[in-house]
Amino acid sequence: MTFTADEMMAVAAARRLTNDSVCFVGIGLPSLAANLARRTHAPGCVLVYESGTIGAKPSTLPLSIGDGELAETADAVVSVPEMFAYWLQSGRIGVGFLGAAQIDVHGNLNSTVIGDYATPKVRLPGGGGAPEIATSVADVFVMLRQSSRTFVERLDFKTTRGDRVRVVVTDLGILEPRGDQLTLTHVHPGATVEDARAATGWPLAVADDVSVTEPPTDIELGALRSLEPRGGE
């Protein structure tokens, strides 16, 4: 089967989740990856959405954190303050998925402004729960498309610290922290190390053992595509 860049990203991230993972999930690619893992190799993976649903088991990809099926299929539903104070801050959630407008070599993220803070070119949605997620979960997984506008040498604003970033999954490959910087460890099928370097705003470190990501299997793609949201019907 042929596959898209987004499908490769979702599969690559899903493979890093285990049956024991407890994930703080956002909408979009993170939700796709987490639900794919639950449908394939990690049925015991617990999905936690910011709306307060714990152990949600949606049959299709939710359109928002307020999607009714998340509450209908959850093991428990709690208030948002309880979600952050009791579940997140207490260390009960192992993996947190994050995205951003910019990322630097250390995994720090910007989702606040592009340009000067006082007179920005673009005012972004802001940190939301991201800073708290990044300092409360054990492992941060970042998913975003790779370009020199996104992978920048210097953030316009540091919204979220990258101390706990364990992997960055892009449309070109996978970066992981080695030493004090993100390092390219995998390229996806059809992409090259040169592509990844050209799409990075700093001199990209490349692992000596860089490898090609295994393409999605037919089983993974079938499970992934069965999650098509209701809006596509």
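Refer to the structure presented above.
Because the structure is predicted, anything quoted here is derived from the model rather than measured.

Engineer: When you look at the pattern of salt bridges in this model, what are you seeing that I'm missing?
Structural biologist: Opposite charge on two side chains permits pairing when their charged atoms draw close. The full count for this structure, using the stated rule, is 9 salt bridges. If you follow the salt bridges from partner to partner, you end up with Asp6, Arg145 and Asp171 in one network.

Engineer: Looking at this structure, how should I read helix α1 (residues 5-14)?
Structural biologist: Residue pairs spaced three or four apart in an α-helix point in one direction, given the helix's 3.6 residues per turn. Counting buried residues along α1, 8 of its 10 residues qualify, which places the element largely inside the surrounding structure. Turning to α1, its buried residues number three or more, namely Glu7, Met8, Met9, Ala10, Val11, Ala12, Ala13 and Ala14. In the core, the buried residues of α1 are packed alongside α2 (29-39), β5 (95-98), β10 (139-143), β11 (165-169), β12 (173-178) and α7 (218-225).

Engineer: Help me understand the packing of α1 against α2, please; the structure alone is not making it clear to me.
Structural biologist: A pair of packed helices is captured by two measures, namely the crossing angle of their axes and the spacing between those axes. Running from amino to carboxyl end, α1 crosses α2 at an angle of 55°, the nearest separation of the two axes being 8 Å. The orientation of α1 with respect to α2, classified from their angle, is oblique. Crossing angle aside, the handedness with which α1 passes α2 is right-handed. Side by side, α1 and α2 meet where Asp6, Met9, Ala10, Val11, Ala13 and Ala14 of the first sit next to Leu29, Leu32, Ala33, Leu36 and Ala37 of the second. Among the residues forming the contact of α1 with α2, the class breakdown is 10 nonpolar, no polar and 1 charged.

Engineer: How should I be thinking about the pairing of β11 in this particular structure?
Structural biologist: Looking down a regular strand, the side chains alternate between one sheet face and the other. Among the 5 residues of β11, 4 are classified as buried, and the element is accordingly described as predominantly covered. In the sheet, β10 pairs with β11 via 4 bridges, with the strands oriented parallel. Bridge assignment links methionine 143 to a residue of β11, and that residue is valine 169. When β11 meets β12, the two strands line up antiparallel, connected through 2 bridges. Note on β12: the bridge partner recorded for valine 169 is isoleucine 174. Connecting β11 to the antiparallel partner β12 that follows it, the hairpin turn spans 3 residues.

Engineer: Hey, could you run me through the packing of aromatic side chains in this one?
Structural biologist: Two measures describe an aromatic ring pair: the distance that separates the ring centres and the angle between the ring planes. Tallied over the entire structure, the rule returns 5 aromatic pairs. Aromatic side chains phenylalanine 97 and phenylalanine 141 sit 5.5 Å apart centroid to centroid with 85° between the ring planes, which places their arrangement in the edge-to-face category. With phenylalanine 97 in strand β5 and phenylalanine 141 in strand β10, the pair connects residues that are 44 residues apart, well separated along the chain. Its relative accessible area of 5% is what places phenylalanine 97 among the buried residues. Stacked on the ring of tryptophan 87, the Lys or Arg arginine 92 has its end atom at 6.0 Å from the ring centre.

Engineer: Is there a simple way to think about the side chain of serine 136 in this case?
Structural biologist: Within the secondary structure, serine 136 is located in helix α5 (residues 130-136). Among the polar contacts listed, one links the side chain of serine 136 to the backbone oxygen of glutamate 132, at a separation of 2.8 Å. Ignoring any residue separated from it by four or fewer positions in sequence, one finds serine 136 in contact with Leu88, Gln89, Gly91, Ile93 and Arg164.

Engineer: Would you mind going over the pairing of strand β9 (residues 120-123) with me for this structure?
Structural biologist: As judged from the 3 bridges shared by strand β8 (residues 113-115) and β9, these two strands associate in the antiparallel manner. Bridge pairing in β9 places glycine 115 opposite proline 120. Count of turn residues in the β8/β9 antiparallel hairpin: 4 residues.

Engineer: Where do I start with the side chain of glutamine 102 in this structure?
Structural biologist: The topology assignment puts glutamine 102 in strand β6 (residues 102-103). The class of glutamine 102 is buried, set by a relative accessible area of 4%. There is a polar contact of 2.8 Å between the side chain of glutamine 102 and the side chain of asparagine 110. At a separation of 2.9 Å, a polar atom in the side chain of glutamine 102 contacts the main-chain amide nitrogen of aspartate 156. In this structure glutamine 102 touches Asn108, Leu109, Asn110, Ile114, Arg149, Thr150, Val152, Leu155, Asp156 and Phe157, once residues within four positions along its chain are discounted.

Engineer: What is the right way to look at the packing of α1 against α7 in this model?
Structural biologist: One way to put it is that α1 packs onto α7 with a least axis distance of 11 Å and a crossing angle of 105°. Taken together, α1 and α7 sit at an angle that is classed as roughly perpendicular. Contacts between α1 and α7 pair Glu7, Ala10 and Val11 from the former with Glu220, Leu221, Leu224 and Arg225 from the latter. Of the residues contributing to the contact of α1 with α7, the split by class is 4 nonpolar, no polar and 3 charged.

Reading the values: the criteria
- Residues numbered from 1 in each chain as written.
- Predicted model: local features only at pLDDT ≥ 70, side-chain atom pairs only at ≥ 80, totals over all residues.
- Heavy atoms only, no water.
- Salt bridge = Lys/Arg side-chain N within 4 Å of Asp/Glu carboxyl O.
- Buried < 20%, exposed > 50% of the residue type's maximum accessible area, 1.4 Å probe, protein only.
- Helix = DSSP H or I, 4+ residues; strand = E, 2+ residues; numbered from the N terminus.
- Contact = heavy atoms within 4.5 Å.
- Axes fitted to C-alpha atoms, helices over the stretch in contact; angles between N-to-C directions.
- Parallel < 35°, antiparallel > 145°, perpendicular 65-115°, else oblique.
- Left-handed = near helix turned anticlockwise from the far one by under 90°.
- Nonpolar A, V, L, I, M, F, W, Y, C, P; charged D, E, K, R; others polar.
- Pairing = 2+ DSSP bridges.
- Phe/Tyr/Trp six-rings, centres within 6.5 Å; stacked < 30°, edge-to-face > 60°.
- Lys NZ or Arg CZ within 6 Å of the ring centre and 35° of its normal.
- Polar contact = N/O pair within 3.5 Å; in protein donor to acceptor, adjacent residues only side chain to side chain.

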